[in-house]
Amino acid sequence: MPNMNMVQALNSAMDIMLTRDPSVVVLGEDVGYFGGVFRVTESLQKKHGAYRVLDTPIAEGGIVGAAVGMCANGLRPIAEIQFADYIYPAYDQIVSEVARLRYRSAGAFSAPLTIRTPCGGGIRGGQTHSQSPEAVFAHVSGIKTVMPSNPYDAKGMLIAAIEDDDPVIFFEPKRVYNGPFDGEPDKPAQSWAEHPKAEVPEGYYTVPIGQAAVTREGSALTIVTYGTMVHVSLAAAEALGLDAEVIDIRSMVPLDIDTIAASVSKTGRCLIAHEATRFAGFGAELSASIQEHCFWNLEAPIMRVAGWDTPYPHAFEWEYFPGKRRVMNALRRLMGEAA
Amino acid sequence: MTSRFHVPAVPARPGEQPDFSYVKVAAAGDAPRPPINVPVLGTAPLAEDLVRVLDDRHRAVGPWAPKLDAETLRRGLHTMMLTRAFDDRMQRAQRQGRITFYMRSLGEEAVSAAAAIALRDGDMLFPSYRNQGLFLSRGLSLVDLMSQLLSNSHDMCKGRQLPVMYHSAERRIFSISGNLATQFPQAVGWAMAAAIKGETDIAAAWLGEGSTAEADFHHALTFAKVYKAPAVLNVVNNQWAISTFQGYAGGEQRSFAARGPGMGIAGLRVDGNDFLAVYAVTAWAAERARAGHGATLIEHVTYRAGAHSTSDDPARYRPKDEFDAWPLGDPVDRLKSHLVTLGEWDDARHESLSKELDESVTGAWHEAVSYGTLNEGPRLDPSLMFEDVFKELPPHLLAQRDELLAELAERGESDHA
């Protein structure tokens, strides 16, 4: 099976769907001739033509609005927003239109649209190239919200998203595009080459949206996480020699609470880890849902590790980023040790 | 049946001959200069035309030729050359890993340098990320700008912003955003406030032609029209928005300046590499705004001679030698030649100024680096991260700050993680 990094896996998913389904189109800023600023759409225009892979004006609201119209006329667009930090001009189209179209028209219209967007920090991008706004979209009823953490899931979930008859916002943690990241910036960059989740079938397959993955089995505690923080969490648990179960939720909406609750009920302890700001972040929803399902099995309060509640600061990337040490400290407290 | 779907045609891709036949270059001096109170529609022909002052023999000709003394022209040249020397050094600093990111304004230096001279010190500027010339022209020090690029202990942004996102409240230059076009309606709002308060200052804003696709551009023009806001709104058409050609912003067969009259404000299209022409149209628009005749949309036709940013590689999407074929030349060369023609400048003085500017840039760099870089020397206090989120630190941020300080103390005691 070929080895792919996340960029190649995402590219393969779009290539396959452009080939299989003539209604699929790709649109976004710099995605055509250039192949995208992260190369995710490389060669797609050359292969599938300029009517299927469209360079667009710099207008996120226009991209999403036009995609809604394309949906109404039978196409199945994949819209790229170049950075999640630039998605806000499209917020009205996403919240008021994409997410509500099926509901308000009683099913007469819908928007089977996939919005791909790179998110997250760790690349010295400052506050306009580092944000993780998933909670802002998970809060809106009517749009599925997902974030894969590895090449295998990225490809399978993107194909599932494209085929989904509901709109999906597909966050791509760009720090792990080219390799897993354990939260230690001073170590040499890792590649996906040796990683089992970089073995990606060349052809079509799907990874269902709405299913969490147990990335590491364990019995002492559960770490509920997603995106880049899956890798940081694994590294922290291993550094402490803890028998931790790590759950990659993969999908925020719909949330696979059964898998999460089964794990936390088994271990009795839960840490939630994400890069996004903590206050009213997706961790708050996770924490509330977990305590509703697992309260009588909990042996300690649910804890959260997240980004600080500030904009993402350029100079303080590694003071801001919830790295391995912050996760380790939280794990120690969760296990009842003094930090 | 031929397709009704149109894909904008890019004149030349890598390996092909550059083709700027779509740029209609009018003769210098041909465009008429209307009175500043001309009705909006009276500017419509000028919004499709191209105001040019410097002719092929480097003389200033026609009704737009401004009456600028040699001292002022040399000041403009100085700013453009300083901008270029600064850009060159900072580009190298990024390549050497000293700063994380940089954006040069190579080829479009006249846009900022000439406008800064045409506007008054009290006028408020809302720049985009490629207007470093405005900051240099208004006298910000190289050390202050470099310190922002370095996110060091002298950084005006206290380490919070990506390089080039400067500001100066003192010199009346608004904080640059990484998000596109947001400054355009803000400039109009500033101008509305000046009018509401009965003050004579005006606002000026800049964005790239690619950014005119954003809704904020249209909001700005609508508000400027409705309230006759005293603002000068500049579209810097440098032909490229990262990899997408100006046709993808709607530039095919129609100028960007024409959107001014289309939306109810004056529009002018100018040779953006002609310092004198940029000065002249900016002065005209500023006078019109100050006299209460409303805003003007100015399109500066120029060329982005460098990459979009240090993260970009234009060899992937356009011919490498495109700038050599650009019909409007190099703004520095053109102003230099004009001064030489006037007998107010020569090659020796040019060489010596160039050397002097390189030295002052290098000297400033050494000083700026002494205030620290991202990885070496004095560092900003990380607890600054929590300040200015709000005017006063709320309890949850206080708690997070304390948690970080404890973590950092622990990191200091341990070599790993």
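I will try to describe carefully the structure that is included in this document. (Residues numbered from 1 in each chain as written. Chains lettered and ligands numbered in written order. Predicted model: local features only at pLDDT ≥ 70, side-chain atom pairs only at ≥ 80, totals over all residues. Heavy atoms only, no water.)

Considering the interface of chain B and chain A
Right, on to step 1. Contacts between the two partners involve 51 residues from chain B and, on the opposite side, 45 residues from chain A.
Right, on to step 2. Summed over both partners, the interface of chain B with chain A buries about 4,100 Å², with 58% contributed by carbon and sulfur atoms.
Right, on to step 3. Our count for the contact surface shared by chain B and chain A stands at 4 salt bridges.
Right, on to step 4. Its salt-bridge partner being Glu410 of chain B, residue Arg325 of chain A comes within 2.5 Å of it at the nearest N-O pair.
Right, on to step 5. At the boundary of chain B with chain A, the tally comes to 19 residue pairs in polar contact (both at pLDDT 80 or more).
Right, on to step 6. The element best represented in the side of chain B that touches chain A is helix α13 (residues 395-413) of chain B, accounting for 9 residues.
Right, on to step 7. For the side of chain B that touches chain A, the class distribution of residues is 22 nonpolar, 16 polar and 13 charged. (Contact = heavy atoms within 4.5 Å. Buried area = accessible area lost by both parts, 1.4 Å probe. Salt bridge = Lys/Arg side-chain N within 4 Å of Asp/Glu carboxyl O. Polar contact = N/O pair within 3.5 Å; in protein donor to acceptor, adjacent residues only side chain to side chain. Helix = DSSP H or I, 4+ residues; strand = E, 2+ residues; numbered from the N terminus. Nonpolar A, V, L, I, M, F, W, Y, C, P; charged D, E, K, R; others polar.)

Thoughts on the nonpolar core
Right, on to step 1. Ranked by size, the top nonpolar core spans 80 residues in total, and within it Trp64, Phe86, Met146, Tyr166, Trp206 and Phe275 of chain B carry the most contacts.
Right, on to step 2. Here this core takes 11 residues from helix α9 (residues 275-290) of chain B, the largest share from any one element.
Right, on to step 3. Beyond its immediate sequence surroundings of up to four residues, Trp64 of chain B is in contact with Ala31, Pro32, Arg33, Pro34, Leu46, Val51, Val53, Leu268, Ala280, Val281 and Trp284 of chain B.
Right, on to step 4. If you look at the next biggest cluster of nonpolar residues, it comprises 71 residues, including Val7, Leu10, Ile159 and Val246 of chain A. (Core = buried A, V, L, I, M, F, W, Y, C linked by side-chain atoms within 4.5 Å. Buried < 20%, exposed > 50% of the residue type's maximum accessible area, 1.4 Å probe, protein only.)

Describing the side chain of Ser112 of chain B
Residues and elements named next belong to chain B.
Right, on to step 1. On the secondary structure map, Ser112 appears in helix α3 (residues 109-118).
Right, on to step 2. Within the structure, the side chain of Ser112 is placed 3.0 Å from the side chain of Asn131, a separation counted as a polar contact.
Right, on to step 3. Sequence-distant contacts of Ser112, defined by excluding residues within four places in its chain, comprise Arg130, Asn131, Gly133 and Leu134.

A look at the packing of helix α8 (residues 228-240) of chain A against helix α12 (residues 324-334) of chain A
All names here are of chain A.
Right, on to step 1. It is the contact of α8 with α12, at a shortest axis distance of 9 Å, that shows an interaxial angle of 55 degrees. With respect to α12, the element α8 is oriented oblique. Here α8 and α12 pass one another in a crossing that is right-handed. Across from Met229, Val232, Ser233, Ala235, Ala236, Ala237, Ala239 and Leu240 in α8, the residues of α12 making contact are Lys324, Val327, Met328, Leu331 and Arg332.
Right, on to step 2. When the residues that make up the contact of α8 with α12 are grouped by side-chain class, the tally is 10 nonpolar, 1 polar and 2 charged. (Axes fitted to C-alpha atoms, helices over the stretch in contact; angles between N-to-C directions. Parallel < 35°, antiparallel > 145°, perpendicular 65-115°, else oblique. Left-handed = near helix turned anticlockwise from the far one by under 90°.)

Describing the pairing of strand β11 (residues 270-277) of chain A
Residue and element names in this part refer to chain A.
Right, on to step 1. Taken across its 8 residues, β11 has 7 buried, putting it largely inside the fold.
Right, on to step 2. In the sheet, strand β8 (residues 221-225) pairs with β11 via 4 bridges, with the strands oriented parallel. By the bridge assignment, Ile223 is partnered in β11 with Leu271.
Right, on to step 3. The sheet contact formed by β11 and strand β12 (residues 303-307) spans 4 bridges and is parallel. Pairing of Ile272 across the sheet is with Arg304, part of β12.
Right, on to step 4. In the classification by handedness, the crossover that spans β11, the intervening helix α10 (residues 282-294) and the parallel β12 is right-handed. (Pairing = 2+ DSSP bridges. Right-handed = clockwise from strand over helix to strand, strands pointing away.)

Taken by themselves, the reported measurements are silent on function.
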